[in-house]
Amino acid sequence: MDGPQGPRLRVDGREVINFSSNDYLGLANDPVLRDAAARAIERHGVGAGASRLVCGNLAPYAELEARLAAFKGKPAAVVFSSGYAANVGTIGALVGRGDTVILDKLNHASIIDGARQSGATLRVYPHGDLNKLEKLLKSFVRSPVTGVTQHRKNAGRVLVVTETVFSMDGDRAPLREIVELKERYGAWLMIDEAHATGLLGQRRRGLAEELGVEDRVDATIGTLSKALGCAGGFVCGSRALAGLLINRARSLIYSTALPPAIVAAACAAVEFVMSDAGGQRCRALWERVNELLRGLESAGMAVASPARPQTARSAIVPLVLGDAARAVEWSDELFKRGFFVPAIRYPTVARGAARLRLTVTASHTSEQVGSLVETLSRLNR
Ligand SMILES: *Cc1c(COP(=O)(O)O)cnc(C)c1O
C-alpha cells in the first residue's frame, strides 16, 4: 500500500476502492489527528525510550487516559501498546492457575491467547449460546490434568470474556443476558468493544452503553486502532483494576511505551468522537452501512446474520462464500474491477466459512458503495 489509509488505496501502483479497513470513522488520515501528531513530535520527539514504568510515561499519556476514562464514563483507563496487548495483559492480570476463563467460541485471537497464557482453565461456549454459558457457570470446573470435576466453590475466580461486536461476523453478543448470568453466578465479566467503540450508543461508547449495562461490566477493552484511527489499546474500569494492571499486566510492564505522537493523536481522536462532529461522522457511517445492506439485499445476496434490523447493525458486513478458493476468486475479481477486499479464510474463520468481510467507513461515498454492490451482484450471477 502506498499513500495514506482511506476509501481509495494505492495497491502495487493501482488505485482501488478499499472496503476492508477498520478505520470506520475515516480518522486515520484526518488533518486534526495529523496536526496533533506533528505537534507532539515537535515537543516530545519520536521514540518513547522505555517502558511506561521506567521513563517512557510521557506527558500525553496522562491526558489520554483521563480523556478515555471520561469518554467511557469510568473511574480509570490504562493504555497499552495495542488492543492485542491489552487483552493478553488484562486476562493474565485478572486470572491464573486455579482460576477459570469462559470464552465465546468466536472471540478474537488476542483473547484466546491471553486466556491460554494466563494458566487458567479454559472453557468455551458455542457462539452466543447462553444455555451453554449458564451450564458452564453453574456447575463445575473439570481439571484438564486430573479429570476431576470440582465444584465452583473450589474453582477459584471465574472470568467471562466476550467481544461485543464480533470482528469477522459483525453480529452482537447478547450482552444484557450475559451480564445477568455473570451476576447470578458471581463471575467477572470482561468485554472487548474493539468494533463498537466510537460507533454504538448515544455517546458512542459502545454496546454496553447502548444496552445500559456499562456499570455492571468489570473490565472494558477498547482499541485506538480502529474507529479512533491511531494505534494502541486500552482498558477501562475501576481504579483498583487500573492499579492491578499497572502492577501485574506483563504486556504493559515489559513493552516500550507508544510513541508520543500516537498518544497525542489518539487524544485528539477521542475528543473528536465525543464532539458533535463525531456524532455526524458516525451518522454518515451508518448511512453508508444501510446503503450497503439494502443494496446487497435487493441484489438477493444474504449477509451472514440474516435479519438485521436497524437496531442490530455493525460496520462489518460478512459475505460468506464457503470455500476458501471461491473467496479468493471473488477477491481477485473484485481487485481486477477496482475494489480491494481480501478474502478471510481459515484459521481466522471456520473451514468452509471463508468470506469477504466488507467494511464501510464514514469517508466512503454513496456512489462508491453503489458501485461495489453493482459489481458484487454481477459476480453473483
Ligand atoms: C483488532 C482487535 C483487537 C486487537 O487490537 P489491535 O489494536 O489491532 O492490536 C482486539 N480485539 C478485537 C475484537 C479486535 O478486533
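Preceding block: the structure.
Computed from a predicted structure; not experimentally measured.

(A) Layout of the packing of helix H1 (residues 31-44) against helix H10 (residues 260-274). Interhelical geometry of H1 versus H10 gives an angle of 145 degrees and a closest axis separation of 8 Å. For H1 against H10, the interelement crossing comes out right-handed. Across the interface between the two elements, Val 32, Leu 33, Ala 36, Ala 37, Ala 40, Ile 41 and His 44 from H1 touch Pro 260, Ala 261, Ala 264, Ala 265, Ala 268 and Ala 269 from H10. Residue composition of the contact of H1 with H10, grouped by class: twelve nonpolar, one polar and no charged.

(B) Quick peek at the site of the ligand. Lining the immediate surroundings of the ligand are 15 residues, of which Gly 83, Asp 192, His 195, Thr 223 and Lys 226 lie closest. Contacts to the ligand include Gly 83, whose backbone N or O atom sits 2.9 Å from an oxygen atom. In this structure, an oxygen atom belonging to the ligand sits 2.9 Å away from a side-chain N or O atom of Ser 225. Protein contacts shield 85% of the accessible area of the ligand, which totals 380 Å² for the unbound molecule. In terms of residue count, helix H3 (residues 83-94) provides more of the shell around the ligand than any other element does, three residues in total.

(C) Region of interest: the sheet that holds strand S3 (residues 76-80). The strand order across the open sheet built from seven strands is S3-S11-S10-S9-S8-S4-S5, with neighbouring strands paired in mixed fashion. Whereas interior strands pair on both sides, the edge strands pair on one side only; in this sheet they are S3 and strand S5 (121-125). Geometrically, the sheet is characterised by an average inter-axis angle of 20 degrees between neighbouring strands, direction not taken into account. Summarising the sheet, strand S4 (residues 100-104) and strand S8 (residues 158-163) pair through four bridges and their orientation is parallel. Considered in S8, the bridge of Ile 102 is made with Val 160. Packing of helix H4 (residues 109-118) onto the sheet brings it into contact with S4, S5, S8 and strand S9 (188-192), and relative to S4 it is tilted by some 165 degrees.

(D) Examining the pairing of S5 more closely. Two strands pair when backbone bridges link them, and S4 and S5 are joined in this way by five bridges, in the parallel orientation. Among the inter-strand pairings, Ile 102 is bridged to a residue of S5, identified as Arg 123.

(E) Here's a closer look at the packing of helix H12 (residues 324-336) against helix H13 (residues 366-380). Packing of H12 against H13 brings their axes to within 11 Å, and their N-to-C directions diverge by 130 degrees. One way to sum up the angle between H12 and H13 is to call them oblique. When you trace H12 past H13, the crossing you get is right-handed. Along the contact surface, H12 presents Trp 330, Glu 333 and Leu 334, while H13 presents Leu 372, Thr 375, Leu 376, Leu 379 and Asn 380. For the contact of H12 with H13, the class distribution of residues is five nonpolar, two polar and one charged.

(F) Here's a closer look at the pattern of salt bridges. Inspection of the entire model under this criterion finds 18 salt bridges. Here Glu 65 and Arg 52 are joined by a salt bridge, their closest N and O atoms 2.8 Å apart. In this pair, Glu 65 sits in helix H2 (residues 60-72) while Arg 52 sits in the loop between H1 and H2, placing the two residues 13 residues apart along the sequence. For the residue pair Glu 65 and Arg 52, the accessibility class agrees, reading buried in each case. Across the pair Glu 209 and Arg 203 runs a salt bridge, and its minimum N-O distance is 3.9 Å. A single network of salt bridges, built from pairs that share partners, joins Glu 63, Arg 67 and Glu 271.

(G) Focus on the packing of aromatic side chains. Inspection of the entire model under this criterion finds two aromatic pairs. With a centroid separation of 6.3 Å and an interplanar angle of 35 degrees, the aromatic rings of Phe 19 and Phe 339 are classed as tilted. On the criterion of sequence distance, the pair formed by Phe 19 in the loop between strand S2 (14-18) and H1 and Phe 339 in strand S13 (residues 339-340) is long-range, its members being 320 residues apart. Summarising the aromatic geometry, the rings of Phe 335 and Phe 340 are spaced 6.3 Å apart at their centres and angled 70 degrees between planes, so their arrangement reads as edge-to-face. Above the ring of Phe 335, the side-chain terminus of Arg 14 is found at 4.9 Å from the ring centroid.

(H) Structural detail: unusual backbone geometry. Residue Pro 347 is reached from Tyr 346 by a cis peptide bond, and omega for that bond is 10 degrees. Of note, Pro 347 is situated in the loop between strand S14 (343-344) and strand S15 (354-359). Although it is not a glycine, Asp 12 adopts a positive phi angle of roughly 50 degrees. Within the secondary structure, Asp 12 is located in the loop between strand S1 (8-11) and S2. One non-glycine residue, Arg 204, lies in the positive phi region at around 65 degrees. Note on placement: Arg 204 falls in the loop between S9 and helix H7 (207-210).

(I) Quick peek at the sheet that holds S15. Strand order in this open sheet of three strands is S12-S15-S14, and the pairing throughout is antiparallel. Looking at which strands have only one partner, the edges of the open sheet turn out to be strand S12 (316-322) and S14. Pairing of S12 with S15, which is carried by six bridges, proceeds in the antiparallel orientation. If you follow Val 317 over to S15, its bridge partner there is Leu 358. Strands S12, S14 and S15 of the sheet are contacted by H12, whose axis makes an angle of about 40 degrees with S15.

How each quantity is defined
- Residues numbered from 1 in each chain as written.
- Predicted model: local features only at pLDDT ≥ 70, side-chain atom pairs only at ≥ 80, totals over all residues.
- Heavy atoms only, no water.
- Axes fitted to C-alpha atoms, helices over the stretch in contact; angles between N-to-C directions.
- Helix = DSSP H or I, 4+ residues; strand = E, 2+ residues; numbered from the N terminus.
- Left-handed = near helix turned anticlockwise from the far one by under 90°.
- Contact = heavy atoms within 4.5 Å.
- Nonpolar A, V, L, I, M, F, W, Y, C, P; charged D, E, K, R; others polar.
- Near = heavy atom within 4 Å.
- Polar contact = N/O pair within 3.5 Å; in protein donor to acceptor, adjacent residues only side chain to side chain.
- Areas by Shrake-Rupley, 256 points an atom, 1.4 Å probe, with all protein chains shown as cover.
- Pairing = 2+ DSSP bridges.
- Parallel < 35°, antiparallel > 145°, perpendicular 65-115°, else oblique.
- Salt bridge = Lys/Arg side-chain N within 4 Å of Asp/Glu carboxyl O.
- Buried < 20%, exposed > 50% of the residue type's maximum accessible area, 1.4 Å probe, protein only.
- Phe/Tyr/Trp six-rings, centres within 6.5 Å; stacked < 30°, edge-to-face > 60°.
- Lys NZ or Arg CZ within 6 Å of the ring centre and 35° of its normal.

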